[in-house]
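Here is how the chains run, residue by residue.
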Amino acid sequence: MPAGEEKQVPARACSLILGHSQPFGGLFTFRSCGRFGARIVGVTREDREVESFEELIALSEGADISGWDFSWLAGRATEERPPWGYAARLAERLAAAQASLDIQTEGGEVLAEAHSFPLTAVATESWPPNVLAATSRLHPRGVVVVADPDEPPLPFAEAAFDLVSSRHPATVWWDEIARVLRPGGIYFAQHVGPRSAFELIEFFLGPQTGAAARDPRDEVTAAQAAGLEIIDVQTARTRMVIHDVAAVVYLLRKVVWWLPGFTVEQYRSRLRELHDRIERDGPFIAHSTRHLIEARRR
Ligand SMILES: C[S@@+](CC[C@H](N)C(=O)[O-])C[C@H]1O[C@@H](n2cnc3c(N)ncnc32)[C@H](O)[C@@H]1O
């Protein structure tokens, strides 16, 4: 959005900058954030105080990285959303379901965007701080949060649900998804695809060769083998724009599987190079890959 221009965005934008729906690109900063929405105002790099490398590192090392809310990145990084609108489509399916399960709900941020839930609605999460966050967000909405180690078996009976959903699961246990779905029940999910954010990962690790994991074609085969029939698969490659090294450190601390064991100390010289490059050439561009997958239990 142009520098200086102000516009109103929905309330959910306050907390959904990178993790969820993010309908605007470019640099902006929040002017106010409340129940009814947020006012954002466009800024240019020149408008912002110039922060030194050390200031940016200190800022991002001190940031709270719990939950799956990326609003800390406002003004520092943006990510385009896939075109299909996962949260809205999930909400439609939840409104029509009788019993639903959301797997790896994190803090329940995406699930909580739904306007209504079936009489029986459950979500699982493995990481204790997220279990707490999801419980406080979802229990008032009537969704029970179950702490689960994210390994088979899912703690539910066979055919317990007519809708199972998951966004960006770290692991997908197809046999378990099929087992807890009723015949005719639906798995509706958005998965991270192959080589997602690899421009950033390869900046630190060098070229990554070998077969790419998370290929949607492999997932289709695995889903079919588990007894699901595919209704829809769509893929997207979406643009991520990173404006400073603080955003990089924040992302690498939070998305722990991008650079396992990441510490600033270990990568300080590479981070410095990245900072200098952004200062010289402008934002670092990377791409996320995503696929929507919808399948029916035979
Ligand atoms: C990528 S998150 C997706 C969460 C949610 N469905 C969404 O799309 O917003 C998937 C899983 O990663 C796990 N996870 C995230 N950060 C973690 C961390 N620092 N350590 C361990 N697990 C983590 C969470 O427990 C979560 O269940």
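Residues numbered from 1 in each chain as written. Predicted model: local features only at pLDDT ≥ 70, side-chain atom pairs only at ≥ 80, totals over all residues.

Within the protein, the secondary structure is distributed over 8 helices and 11 strands. For the protein, the proportion of its 298 residues judged to be buried stands at 36%. Contacts in the protein between residues far apart in sequence, at least 24 positions, make up 67% of those at least 6 positions apart. (Helix = DSSP H or I, 4+ residues; strand = E, 2+ residues; numbered from the N terminus. Buried ≥ 20, exposed ≤ 12 C-beta atoms within 10 Å, placed from the backbone. Contact = placed C-beta atoms within 7 Å.)

Attention now goes to helix α6 (residues 216-225). Residues of α6 that are buried include every one of Pro216, Glu219 and Ala223, and no others. Each buried residue of α6 lies within a common arc of 55° when the element is viewed along its axis, so the set occupies one face. Every exposed residue of α6 that faces more than 90 degrees away from the buried side is listed here: Arg217 and Ala225. On the buried face of α6, the contacting elements are α4 (174-180), β9 (181-192), β10 (228-242) and β11 (284-297). Of the residues trailing α6, Gly227 is marked for its positive phi of about 105°. (Arc of directions from axis to C-beta.)

Next up on the list: helix α7 (residues 245-254). Burial of α7 is extensive: 9 of the 10 residues sit out of reach of the surface. Restricting attention to buried positions, one finds in α7 the residues Val245, Ala246, Ala247, Val248, Val249, Tyr250, Leu251, Leu252 and Lys254. Those residues of α7 hidden inside the fold are in contact with α1 (53-61), β4 (77-79), β10 and α8 (264-281).

In the region of the ligand, 16 residues are neighbours, and Gln104, Glu106, Trp127, Arg167 and His168 sit closest. Looking at the shell around the ligand residue by residue, the class counts come to 6 nonpolar, 6 polar and 4 charged. (Near = placed C-beta within 6 Å. Nonpolar A, V, L, I, M, F, W, Y, C, P; charged D, E, K, R; others polar.)

Let us look at the nonpolar core. Among the nonpolar cores identified, the biggest contains 37 residues, and Val143, Val164 and Tyr187 are the most heavily contacted of them. Per-element tally for this core: the top contributor is β9, with 5 residues. Those residues in contact with Val164 that sit more than four places away from it in its chain are Leu101, Ile103, Ile177, Val180, Leu181 and Tyr187. Judged by nonpolar contacts, the second largest core, of 21 residues, contains Leu56, Ala74, Leu200 and Ile242. (Core = buried A, V, L, I, M, F, W, Y, C linked by C-beta atoms within 7 Å.)

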